[in-house]
Amino acid sequence: MEHSRAELAVRARGVEMAFGETRALRGIDLDVPTGTVLGLLGPNGAGKTTAVRVLSTLLRPTAGEVEVAGIDVLREPAKVRERIGLIGQAAAVDEMLTGLENLTMFGRLHGMRKAAAKGRARELLTRFDLDDAADRIAKEYSGGMRRRLDIAAGIVVRPSVLFLDEPTTGLDPSSRLAVWEIVRELVADGTTVLLTTQYLDEADQLANDIVVIDHGTVIAHGTSDELKGQVGGGRVTITVEHAAQLDLLTGVVRAVAGAEPVVTAGELRVTAPFEGGARHLPELVRAIDDAGITLAGLELRPPTLDDVFVHLTGRSTEDADQEQGA
Ligand SMILES: Nc1ncnc2c1ncn2[C@@H]1O[C@H](COP(=O)(O)OP(=O)(O)OP(=O)(O)O)[C@@H](O)[C@H]1O
Ligand SMILES: [Mg+2]
């Protein structure tokens, strides 16, 4: 959908960022309509953090234009800073201060009076289920508590645009759900959110629009359904017992599915589009059996955003991790 400039909380055009030889961003366009969530998705090293740092005034891009909340980021960074919140991968809270002290300090830094800052801090601690931890130092918080405190710190002064850089990386499932709930509440309150993630399901859950970046370039954008639609029908994933049979399996799957499979050698796994659906599974199983391959597992499922990534880049997000030496 096309949006007028006034409806966009974030508008970036042709953003480039080079660190010496490294071209972290190679001309990125982004639109985030006010009141929506944009998921910026990409593997390690794709350029997500760099993009967030440019949009939130921390880095001056090598080229391009950026407007946040209708203000030019390059010309009026201070004005932009008044309207945004940023929760980075490395948190800004002080480990040796308590939760209450941290949040109060953030309010004071933003010019709130002491009583008002403390009141807001208490309100956020309650809202993020941190009342019991209010008087403990942040250093003693669990990962999930810590992340909730980070986010609270980023919204002490209510931002109109919030940048969240990998808000749930490293969290256990229940803490992830708690963060998702916080993001949903913020959006319901009218905050525009740009979040980066390596988790495709997270973008699926939270984002209205998704932009997939890889090597500093936008390789796809659309809603989750639009992106999945690009991949087509179902997906079949087959694992074998013996590594020696992986090539053979790949050949069989290629022949039956009529498409080039993606092989994840480390996990003895082959994945391929499977347009025919469940009706054609017996045919596949017979062909595998006829070839004398010992199956370890077989699964047929609708396309996921992971499939979108593989479809677009020809490799899985795990491979992308390995590429970066992560
Ligand atoms: N300050 C810097 N100096 C030099 N190179 C940098 C700097 N920051 C980022 N890079 C490089 O830019 C590229 C993009 O990095 P960036 O941190 O934006 O990726 P990312 O998508 O956030 O990855 P991750 O998922 O690991 O956080 C990488 O090749 C990285 O090494
Ligand atoms: Mg990053």
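Residues numbered from 1 in each chain as written. Chains lettered and ligands numbered in written order. Predicted model: local features only at pLDDT ≥ 70, side-chain atom pairs only at ≥ 80, totals over all residues.

Q: Teacher, can you tell me more about the sheet that holds strand β9 (residues 209-214) here?
A: In a beta sheet, neighbouring strands pair by backbone hydrogen bonds and run either parallel or antiparallel. Ordered in space as β6-β7-β8-β3-β9-β10, the 6 strands form an open sheet in which the pairing is mixed. Of all the strands in the sheet, just β6 (84-87) and β10 (217-222) have a single pairing partner and so form its edges. Between one strand axis and the next, the sheet turns by 15° as a mean value, whatever way the strands run. One ladder, built from 4 bridges, connects strand β3 (residues 37-41) with β9; its direction is parallel. Paired with Leu38 across the bridge in β9 is Asp209. Those strands touched by helix α5 (residues 143-154) are β6 and β7 (161-165), and its axis lies near 160° from that of β6. Sitting on the sheet, helix α11 (residues 305-313) touches β9 and β10, and the angle it makes with β10 is about 135°. (Pairing = 2+ DSSP bridges. Helix = DSSP H or I, 4+ residues; strand = E, 2+ residues; numbered from the N terminus. Axes fitted to C-alpha atoms, helices over the stretch in contact; angles between N-to-C directions. Contact = placed C-beta atoms within 7 Å.)

Q: What is the right way to read the site of ligand 1 from this model?
A: In the neighbourhood of ligand 1, 13 residues make up the surrounding shell, with Phe19, Ala24, Lys48, Thr49 and Thr50 lying closest. Counting only elements with at least two residues in the shell around ligand 1, the list comes to β2 (22-33) and α1 (48-55). Among the elements that line the shell around ligand 1, the one with the most residues is α1, at 3 residues. Across the shell around ligand 1, the residue classes break down as 3 nonpolar, 9 polar and 1 charged. (Near = placed C-beta within 6 Å. Nonpolar A, V, L, I, M, F, W, Y, C, P; charged D, E, K, R; others polar.)

Q: Mind showing me how you'd approach helix α4 (residues 114-127) here?
A: When the terminal C-alpha atoms of α4 are compared, their 20 Å separation across 14 residues agrees well with the 20 Å that a helix rising 1.5 Å per residue should span. Of the positions making up α4, those classed as buried are Ala117, Arg120, Ala121, Leu124 and Leu125. The arc that holds the buried residues of α4, viewed along the axis, is 135°, so those residues lie on one side. Seen from the buried face of α4, the exposed residues on the opposite side, beyond 90 degrees, are Ala115 and Thr126. Elements in contact with the buried residues of α4: α3 (99-109) and α5. Backbone geometry just downstream of α4 places Asp129 in the positive-phi region, at approximately 60°. (Expected span 1.5 Å × (residues − 1). Buried ≥ 20, exposed ≤ 12 C-beta atoms within 10 Å, placed from the backbone. Arc of directions from axis to C-beta.)

Q: Would you take a moment to explain the domain arrangement of the protein chain for this structure?
A: Assigned domains of the protein chain: these are domain 1 (5-227) and domain 2 (233-302). Taking only C-alpha atoms, the centre of domain 1 and the centre of domain 2 are 40 Å apart. (Domains from an automatic or database assignment.)

Q: Quick question: what am I supposed to make of the environment of Leu58 here?
A: For Leu58, the location among the structural elements is in the loop between α1 and β4 (63-68). Counting along the chain gives 15 residues from Leu58 to Val73, while the straight-line C-alpha distance between them is 9.9 Å.

Q: What am I meant to see in unusual backbone geometry here?
A: For residues that are not glycine, phi is negative in most cases, and the peptide bond is trans in most cases. Positive phi values are uncommon outside glycine, yet Ala69 reaches one of about 50°. Among the structural elements, Ala69 can be located in the loop between β4 and β5 (71-72). Phi is positive for Glu166, which is not a glycine, with a value near 50°. Note on placement: Glu166 falls in the loop between β7 and α6 (173-188).

Q: So what exactly am I meant to see when it comes to the environment of Glu101 here?
A: Note that Glu101 resides in helix α3. Looking at Glu101, the number of C-beta atoms within 10 Å reads 18, which means it is partly exposed. Taking C-alpha positions, Glu101 is 51 Å from Val263, a pair spaced 162 residues apart along the chain.

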